[in-house]
Structures are given as C-alpha cells and as structure tokens.
There are 2 protein chains.
Amino acid sequence: MTGTPSIVNTEELHESPTLALRTFDSIKSDIINGELAQGSKIVESDLALKYGISRGPLREAIHRLERIKLIVRIPHAGSRVITLDTRMMEDIYNARESLEGMAARLAARLMSDAEIESLSKLLDQHAAAISETDGKAYFQREGDIDFHYRIAVASQNQWILEKLNGELYQLIRMCRHQSGQFPSRAQTALEQHRQIAAAIARRDEELAEILMRRHISGAWEIVKTILEDQYD
Amino acid sequence: MTGTPSIVNTEELHESPTLALRTFDSIKSDIINGELAQGSKIVESDLALKYGISRGPLREAIHRLERIKLIVRIPHAGSRVITLDTRMMEDIYNARESLEGMAARLAARLMSDAEIESLSKLLDQHAAAISETDGKAYFQREGDIDFHYRIAVASQNQWILEKLNGELYQLIRMCRHQSGQFPSRAQTALEQHRQIAAAIARRDEELAEILMRRHISGAWEIVKTILEDQYD
DNA sequence: ATTAAATATATTGTTGACAATATTGATTAA
DNA sequence: TTAATCAATATTGTCAACAATATATTTAAT
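Predicted, not measured: the structure shown is a model, and the values here were computed from it.

Asks: When you look at the sheet that holds strand S3 (residues 78–81) of chain B in this model, what are you seeing that I'm missing?
Replies: Strand pairing in a sheet relies on backbone hydrogen bonds, with the paired strands running either antiparallel or parallel. Residues and elements named next belong to chain B. Pairing in this open sheet of three strands is antiparallel, and the strands run S1-S3-S2 from one edge to the other. Here the strands that pair on one side only, and so sit at the sheet edges, are strand S1 (41–42) and strand S2 (71–74). Where S2 lies against S3, four bridges are found, and the strand directions are antiparallel. Pairing of Val72 across the sheet is with Arg80, part of S3.

Asks: What is the right way to read the pattern of salt bridges from this model?
Replies: Opposite charge on two side chains makes pairing possible when the charged atoms of those side chains draw close. All names here are of chain A. In this structure the tally under the stated criterion is 43 salt bridges over all chains. Where Arg55 meets Glu44, a salt bridge forms, and the shortest distance between an N and an O atom there is 2.9 Å. Taken together, the residues Arg55 in helix H4 (residues 55–67) and Glu44 in helix H3 (residues 44–51) connect sequence positions 11 residues apart. For Arg55, a relative accessible area of 45% gives the class partly exposed. On the basis of relative accessibility, which here comes to 15%, the residue Glu44 falls in the buried class. In this structure, Glu142 and Arg173 form a salt bridge, with 3.1 Å as the shortest nitrogen-oxygen distance. Of this pair, Glu142 sits in helix H7 (residues 137–154) while Arg173 sits in helix H8 (residues 158–178), and the two are 31 residues apart along the sequence.

Asks: Please clarify how the protein's contact with DNA strand D should be interpreted in this entry.
Replies: Neighbouring DNA strand D are 17 residues; Arg55(A), Arg59(A), Arg73(A), Leu19(B) and Ser54(B) lie closest to it. One of the side-chain N or O atoms of Thr18(B) is found 3.0 Å from a phosphate oxygen in DNA strand D. Ser54(B) places a side-chain nitrogen or oxygen 3.0 Å from a phosphate oxygen of DNA strand D. Listing elements by their share of the surface near DNA strand D, those giving two or more residues are H4 of chain A together with helix H2 (19–32) of chain B. Within the surface near DNA strand D, the residues separate by chemical class into eight nonpolar, five polar and four charged.

Asks: Can you help me understand H4(A) in this one?
Replies: Every α-helix winds through 3.6 residues per turn, so residues three or four apart in the chain are directed the same way. All names here are of chain A. Helix length check: H4 (13 residues) gives 18 Å between terminal C-alpha atoms against 18 Å at 1.5 Å per residue, within 8%. Considered for burial, the residues of H4 that qualify are Leu58, Glu60, Ala61, Ile62, His63, Arg64, Leu65, Glu66 and Arg67. One or two steps after H4, the chain reaches Lys69, where phi turns positive at roughly 70°.

Asks: What exactly am I supposed to notice about the protein's contact with DNA strand C here?
Replies: The immediate surroundings of DNA strand C are formed by 18 residues, with Leu19(A), Ser54(A), Arg55(B), Arg59(B) and Arg73(B) found nearest. What you see for DNA strand C is that sugar and phosphate hold 77% of its atoms within 4 Å of the protein. Thr18(A) is positioned such that a nitrogen or oxygen atom in its side chain is 2.9 Å from a phosphate oxygen of DNA strand C. His76(B) is positioned with one of its backbone polar atoms (N or O) 3.1 Å from a phosphate oxygen of DNA strand C. Looking at the surface near DNA strand C, the elements with two or more residues in it are helix H2 (19–32) and H4 of chain A together with helix H4 (55–67) of chain B.

How each quantity is defined
- The numbering scheme is per chain: residues are counted from 1 as the chain's sequence reads.
- Both sets of labels track the order of writing: A upward for chains, 1 upward for ligands.
- Residues qualify for local features only when their pLDDT is at least 70, as the model is predicted, and side-chain atom pairs are given and counted only at 80 or more; totals for whole chains, interfaces and linings, by contrast, use all residues.
- Water and hydrogen atoms were dropped before computing side-chain values, which therefore reflect all heavy atoms in the structure.
- When DSSP finds two or more bridges between two strands, those strands count as paired.
- Secondary structure counts use DSSP, requiring at least four H or I residues in a row for a helix and at least two E residues in a row for a strand, with both numbered from the N terminus.
- Salt bridges are counted wherever a side-chain nitrogen of Lys or Arg sits within 4 Å of a carboxyl oxygen of Asp or Glu.
- When accessible area is computed with a 1.4 Å probe and restricted to protein chains, residues below 20% of their type maximum are described as buried, those above 50% as exposed, and intermediate ones as partly exposed.
- A single heavy atom is enough: if one lies within 4 Å of a molecule or strand, its residue is considered near that molecule or strand.
- Any N or O atom pair separated by 3.5 Å or less is treated as a polar contact, with the protein-specific requirement of one donor-capable and one acceptor-capable atom, and with residues adjacent in sequence counted only for side-chain atom pairs.
- Residue polarity is assigned by list, with Asp, Glu, Lys and Arg as charged and Ala, Val, Leu, Ile, Met, Phe, Trp, Tyr, Cys and Pro as nonpolar; anything else, Gly included, falls into the polar class.
- Any helix carries an expected span of 1.5 Å times its number of residues minus one.

Given below as structure tokens:
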C-alpha cells in the first residue's frame with residue numbers, strides 16, 4: 001500500500017481555492033456519471049442556479065469542460081454535453097496509443113530502479129485483487145488506470161501526462177460508465193502489464209513502446225465491438 | 001495553387017464573433033512575436049485597458065491562452081507569459097513525434113488519391129520555392145508546417161489535428177521566432193517530405209510512421225543544440 | 001540591523017445588471 | 001396549407017462595482 005497513491009479523483013483531494021474550479025469538478029463528475037445526459041443542452045442561468053453560483057465562475061467552469069472535451073460550445077448558441085460515438089472514441093484510442101507508446105518508451109529510459117520496483121509491487125496487488133474479488137470490475141478498471149498513470153508520470157513528459165490524465169482518461173471513464181462496464185479482461189490485461197513492466201525493467205525502450213501500443217490497440221478492438229453493437 | 005489553402009493564421013481569417021476570441025487572437029500573436037516578453041507578468045486590468053475591453057472577456061481570452069500553454073496561471077496569484085526552455089521543448093517534440101507518427105500512419109490508410117496528388121504538387125512548389133528564394137527561411141518554414149498540417153488533416157483524427165494545430169505548432173512557432181530562425185535545412189527536409197509522401201502513396205502505414213518520426217526527431221536534434229547554446 | 005507582525009495596497013474572484021444575438025412563435029401573403 | 005416576415009422571448013456576451021485574497025510596505029520588537 002506504499003508508494004504512489006491511487007490517483008482516482010486526484011483533482012478533488014484538496015478543495016479547490018476557487019468557486020469556478022470546484023464547480024468544474026462537480027459538473028465533470030455529473031457528466032461522467034451520466035447525471036447530466038449526453039447531448040443535453042447547457043443553459044448557463046439554469047446551471048448557475050443548480051450549483052448555487054453566479055454565471056461568472058460557471059462560465060469559467062464550462063470553458064474548462066470544453067477544454068477537456070466534455071462539453072461542446074458554439075459562440076452565441078450555447079453549449080451541450082458531448083455525445084460519445086464510435087468515431088470519436090476511435091480518435092481517442094488512436095491518440096492514446098501513440099502517446100502512451102511514447103510514454104512507455106520514455107519510462108524505460110528514465111524510470112528509477114525504485115519506481116520500477118514499486119510498479120512491480122503494484123502489479124502484485126492487482127494479481128491479488130483479481131483472484132480475490134473475481135468480478136469486481138470497477139476496482140480492476142481503476143487499477144488498470146493506475147498502471148497507465150504510473151507510466152505516464154514516469155515518462156517525465158508534462159505535456160503527455162496532462163493530456164492523458166486530464167483529457168483522454170476522463171473520456172474513457174465516461175465511455176466505460178455509459179456503456180455499462182466493459183467485459184473484465186482483467187487477467188489478459190495483467191499479463192500484458194507485466195510484460196510491459198519487464199521491458200521497462202530491461203530498459204528496452206523499443207519493446208516497451210511496442211507492447212504498450214499493442215496492449216491499447218487490443219483494448220480498442222474490444223471496446224469497438226461493444227460500441228458498434230450499442231450504437232449501430 | 002489549388003487544393004487545401006495555406007493555413008497560416010487560419011483562425012484570424014474570419015473575424016471572430018466575440019470580443020474574447022478576437023482578443024485571444026491578438027494576445028496570441030503578441031506572445032508568439034515576442035511583443036509580450038516571455039515570463040512577463042499579466043495583470044488583468046492593465047491588459048484590459050491595453051486591448052480596450054473589460055476584464056470579463058479578457059479573462060476568457062487568458063483562459064484560452066492557458067489552454068494552449070502560452071500563459072501559465074496560478075489561482076489568486078495571477079498569470080505570466082510562458083518561458084520556453086529546453087526541457088519543455090523536448091516534451092513538445094516528443095509528443096509531436098508520436099502524434100505525427102500516428103497521423104502519418106492514418107494518412108497512409110485514409111488519404112484519397114486526389115489528396116495524395118495534391119500533396120505531391122505541394123512538394124513541387126516547395127522545391128521551386130527553395131531554388132528561387134534560397135535563404136528566405138520564413139517561407140520555407142511555413143511551407144514545412146503546411147506539409148505537416150496536411151498530414152494531420154488527412155489522418156481524419158480530430159483530436160490529434162486539434163492538438164497539433166492548436167497547441168504544438170504554436171509553441172514551435174514561438175520558439176522558432178524567439179530563437180531568431182533556425183538554420184534552414186530546407187533541402188534535407190524536402191527530401192524527407194518526399195519520402196514520407198511516397199510511403200503514403202504506397203499505402204505503407206508502417207513506413208510512413210517510421211519516416212515521419214525520424215524526420216521529427218531529427219529536427220529536434222538540431223533545435224536542441226541551438227537551444228542549449230542559447231540557454232546554458 | 002534583522003526579523004516578525006500589522007497595515008496598506010494591488011490584484012484576482014464573484015456578483016448582478018445591461019446589451020447583443022439567436023431562437024421561438026405568431027402573423028401575413030402566396 | 002406553406003413559406004416568409006416580423007415580433008416576442010430566451011440565452012449568451014459584456015460591463016462595472018464589490019468581495020476576497022495575496023503582495024508589498026511599514027512599524028515594532030528583539
């Protein structure tokens with residue numbers, strides 16, 4: 001249980017110092033959890049009332065949500081909650097594949113021995129969690145994100161980390177939530193994670209990148225069929 | 001001259017319908033051109049006065065600039081123009097390498113024959129421009145960006161296109177401007193562009209990606225030495 | 001003289017009112 | 001009945017004043 005803590009909702013840990021940021025977090029959760037339905041219209045005065053603030057900071061919150069693609073905005077015409085579709089998710093997964101591939105490469109180059117050790121321990125925990133709570137897909141999924149987040153941090157590339165953690169993972173969480181949990185795949189994923197970690201430990205940049213990309217494009221294949229069944 | 005037009009300053013072409021967006025464009029230019037110095041403090045009331053608007057829309061403009069990393073912002077403490085350093089540019093180029101590599105792969109898969117033809121014509125123009133205006137580094141550089149922009153568009157990946165065009169290219173332009181033009185390298189770059197275009201025409205996704213990544217990491221090696229001479 | 005506390009100033013965060021634009025519904029002409 | 005025009009309404013954009021927070025300055029104590 002030591003080492004880097006889980007980063008589920010890192011953003012909400014220390015109360016934001018500003019109304020706009022707190023409201024941003026609230027609305028973000030509400031969108032990801034589906035309490036604000038996909039495609040629904042956002043009316044500033046209504047939301048301001050609902051969250052008990054004035055339109056100023058609410059506007060800032062909306063802009064931030066637009067930034068991470070949870071809301072679509074058109075000047076003078078208002079904003080709507082995003083509508084996830086297969087095409088957009090494909091974009092997300094392709095971007096993720098290339099970015100995380102690079103992150104894995106950089107991690108293999110830059111990760112300290114202590115970090116590598118800690119990463120290995122994390123995977124042991126996951127293995128334990130899988131055999132115990134066989135079926136608790138939620139924890140497995142957040143465990144999965146933990147692994148990927150560690151790689152992103154270890155890459156020491158701020159830009160990539162920010163895009164993955166601030167944007168892409170949010171959209172994937174939302175998609176997962178609204179598609180009623182993807183099938184577990186926990187065992188397969190864990191094995192792949194172990195291989196990636198091993199490549200990093202060997203400082204094999206090339207292999208780490210390839211395995212990470214294969215891991216993600218494999219995940220996409222699964223998600224894709226689910227989405228196609230759902231929407232088409 | 002037909003086909004996709006040059007996209008230098010696309011954003012400014014049709015006057016934005018809102019004060020905030022117009023001001024965003026103005027400040028963006030001023031930062032990229034160095035009229036607002038790196039690291040300088042941004043005081044909202046001062047800038048509002050300077051650009052002749054109130055603090056409301058100015059604030060929105062600042063948030064947008066924060067979004068594309070031209071401004072750094074700390075709650076309650078204000079904002080400053082970003083300070084480019086070698087480390088940040090390395091992050092940018094690494095992200096760019098992976099994203100554009102993926103874009104080239106997707107382009108090889110999705111580009112229409114007409115687009116491929118048009119891309120080839122673009123490179124002919126560049127060849128002509130190089131032999132004529134041998135030394136006019138500015139046009140060569142914008143030509144370079146044109147090429148990369150076309151690949152990004154052809155990838156049909158909105159997320160990648162947006163990040164490249166809206167964020168990474170801006171920072172690279174700024175870096176280039178403030179480093180007093182990088183050495184031309186025009187001939188080498190053109191040859192590499194031709195190889196990439198050829199791979200795309202052959203629908204060789206693998207090769208297109210590899211060549212694009214090599215092209216960009218090569219560019220970074222050059223930029224890196226320049227920056228290190230400059231800052232260290 | 002140096003540090004700490006307290007005060008004053010500057011700057012950002014928030015609010016409610018007003019202006020500009022878009023959307024909706026009603027009215028009229030074909 | 002349908003299409004087009006106009007008025008009415010709703011919604012976003014902009015502004016200026018006020019509140020909360022941080023920064024700078026002064027004062028007091030050691």
